[in-house]
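# Coordinates in review
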Amino acid sequence: MPKWIIFECCETLPSYLRLNSNRDKNGETIGFKLLGNDVSRMAPAKSEEIANQKFRGRSTPVVNYDEFAFIPHIKQQYQSTVLQYMEVARRAEKNGNPHFIGITTTSGYLNTDEGVYAHNFMNNCYDFSEE
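Below, the structure is looked at part by part. Here the structure is a predicted model, which means the values were calculated and not measured.

Right, let's get into the packing of helix H2 (residues 74-94) against helix H3 (residues 113-125). Two numbers describe how H2 lies on H3: the axes approach to 9 Å, and their chain directions differ by 50 degrees. The angle between the axes of H2 and H3 places the two elements in the oblique class. For the pair formed by H2 and H3, the contact residues are Ile 74, Lys 75, Tyr 78 and Gln 79 on the first element and Glu 114, Tyr 117 and Phe 121 on the second. Of the residues contributing to the contact of H2 with H3, the split by class is 4 nonpolar, 1 polar and 2 charged.

Considering all chains together, one arrives at 8 aromatic pairs under this definition. Note on Tyr 117 and Phe 121: the rings are 6.0 Å apart at their centroids and 45 degrees apart in plane angle, and the pair reads as tilted. Here Tyr 117 pairs with Phe 121, and both are found in helix H3, just 4 residues apart, close to one helical turn. Accessibility expressed as a relative area gives 18% for Tyr 117, which makes it buried. Here the aromatic cluster, defined as three or more aromatic residues joined through ring pairs, consists of Tyr 65, Phe 68, Tyr 78, Tyr 117 and Phe 121.

Reading the values: the criteria
Residues numbered from 1 in each chain as written. Predicted model: local features only at pLDDT ≥ 70, side-chain atom pairs only at ≥ 80, totals over all residues. Heavy atoms only, no water. Axes fitted to C-alpha atoms, helices over the stretch in contact; angles between N-to-C directions. Helix = DSSP H or I, 4+ residues; strand = E, 2+ residues; numbered from the N terminus. Parallel < 35°, antiparallel > 145°, perpendicular 65-115°, else oblique. Contact = heavy atoms within 4.5 Å. Nonpolar A, V, L, I, M, F, W, Y, C, P; charged D, E, K, R; others polar. Phe/Tyr/Trp six-rings, centres within 6.5 Å; stacked < 30°, edge-to-face > 60°. Buried < 20%, exposed > 50% of the residue type's maximum accessible area, 1.4 Å probe, protein only.

Okay, here's the thing in C-alpha cells:
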C-alpha cells in the first residue's frame, strides 16, 4: 500500500504546502480540497470478470498503471479502462485539459499471462533501444 505524505499541520510550511486532505474510510481515495482533485487507487482484480468491470463508472482523464507487468488479468482490465477512458479524454481535449494513460513497470515474467501481455504491449508500442 502506498504511503501518502500529507503536509497539513506544519506551521512552518508556506500556506500553499499546507494542504487539507480527506481520505475515504477504506483508504482508496485521497483528496485535496485546495487543489480540487482526488487520487484513487484500485487493487488488482481477482478474476477476469472483475477485471472487465474494474474501471466502469469511473471518469478520470488521468490513469496510471504502476507495475503493469505484474497486475493479474491486466489485458482485460486495460481494455476495459481504454473503453471508458476514450470519452473522458475527448472531453478533456475539448476543454484543453491534460489526459493520458501512463504505464510504468519493471520487466515481468514471461511465464505469466500478465508478463507476456506487458512484454508484447511494450514491443508493439515503440522501438526500444539501449542507446
